[in-house]
Amino acid sequence: MIRILLADDEHLIRGALAALLTFERDLEVVAEASTGPEAVAMARHHKPDVAVLDLQMPGKDGITVAEDLSRSLPGCQTLIVTSHGLPGHLKRALASGVQGFVSKTVSAQELASIIRSVHGGSRYIDSTLAADAISAGDSPLTSREADLLTLAADGAPIEDIAERAALAQGTVRNYLSAVTTKLGVENRHAAAYLAQRRGWI
């Protein structure tokens, strides 16, 4: 039996998926979680063979959970299932050692097959998501620029961003000006929108 952890904050989706996977004779859902920290705790307790993780969960996202599990449970393979398959997310997932990255549009039968493949040591990447990641290219932003743009993404004023980043307001303005130039947009709001769409922040 392949022991599975399911982590998704949408209870209906998680429950339906767990029910569908019970029809597979070689798969057993041994634990479920609705947040990132809960997923890590449940994985450490139940020691699944494969963790099927939603990308966006409260507390910690699926990729961060996968990073934690790669350190604490190296025998557990990780598979990200998402409805937000942005190129930057895929690249980050692969860099974190995630074995699979698939869209939530897959059928339960397909997912069961992917789980078996990942458990066997193969890597599975949704072909459409892979093509999008290749066409989007790598992020041109430095880690500091990405951090500041993330703080600016909710429309926060420069003063707030500077306080949260422990930087002078002029320094923040300079960083965000460099970002808008790199991305070829007119302001930090447009830069944040573009970077989010490409999964760079």
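For the structure itself, consult the block above.
These remarks concern the structure in this document. Owing to the predicted nature of the structure, the values given are computational and were not obtained by experimental measurement. (Residues numbered from 1 in each chain as written. Predicted model: local features only at pLDDT ≥ 70, side-chain atom pairs only at ≥ 80, totals over all residues. Heavy atoms only, no water.)

For the rest of this paragraph, the subject is the overall build of the protein chain. Per the secondary structure count, the protein chain includes 10 helices and 6 strands. With respect to the principal axes defined by its C-alpha atoms, the protein chain has extents near 60 × 35 × 30 Å. Across the 201 residues of the protein chain, 43% fall into the buried class. For the protein chain, contacts bridging at least 24 residues in sequence account for 64% of all contacts bridging at least 6. Counting 19 positive and 24 negative side-chain charges, the protein chain places the averaged centre of each group 4 Å from the other. (Helix = DSSP H or I, 4+ residues; strand = E, 2+ residues; numbered from the N terminus. Buried < 20%, exposed > 50% of the residue type's maximum accessible area, 1.4 Å probe, protein only. Contact = heavy atoms within 4.5 Å. Lys, Arg positive; Asp, Glu negative; His and termini not counted. Charge placed at Lys NZ, Arg CZ, Asp CG, Glu CD.)

To continue, consider the nonpolar core. Of all hydrophobic cores here, the largest spans 24 residues; its most connected members are Ala39, Leu53, Val65, Leu69 and Ile80. Mapped by element, the contributors of at least two residues to this core are strand 1 (2-7), strand 2 (27-33), helix 2 (36-46), strand 3 (50-54), helix 3 (62-72) and helix 4 (87-95). Per-element accounting of this core gives the leading share, 4 residues, to helix 3. Formed by 19 residues, the second largest nonpolar core is a distinct cluster that contains Leu141, Leu148, Leu149 and Trp200. (Core = buried A, V, L, I, M, F, W, Y, C linked by side-chain atoms within 4.5 Å.)

One way to put it is that helix 8 (residues 158-165) packs onto helix 9 (residues 169-183) with a least axis distance of 9 Å and a crossing angle of 105°. With respect to helix 9, the axis of helix 8 lies roughly perpendicular. Contacts between helix 8 and helix 9 involve Ile158, Glu159, Ile161 and Ala162 on the former and, on the latter, Gln169, Val172, Arg173 and Leu176. When grouped by side-chain class, the residues that make up the contact of helix 8 with helix 9 number 5 nonpolar, 1 polar and 2 charged. (Axes fitted to C-alpha atoms, helices over the stretch in contact; angles between N-to-C directions. Parallel < 35°, antiparallel > 145°, perpendicular 65-115°, else oblique. Nonpolar A, V, L, I, M, F, W, Y, C, P; charged D, E, K, R; others polar.)

For helix 5 (residues 108-119), which comprises 12 residues, the first-to-last C-alpha distance of 16 Å matches the rise-based estimate of 16 Å (1.5 Å per residue) to within 8%. Every buried residue belonging to helix 5 is among Leu111, Ala112, Ile114, Ile115 and Val118, and all of these are buried. With its buried residues spanning 165° around the axis, helix 5 presents them on a single face. (Expected span 1.5 Å × (residues − 1). Arc of directions from axis to C-beta.)

Glancing now at the side chain of Thr82. Tracing the chain through its elements places Thr82 in strand 4 (residues 77-82). Owing to a relative accessible area of 1%, Thr82 belongs among the buried residues under this scheme. Ignoring any residue separated from it by four or fewer positions in sequence, one finds Thr82 in contact with Asp54, Leu55, Phe101, Val102, Ser103 and Lys104.

Purely spatial values, then, with no claim about function.
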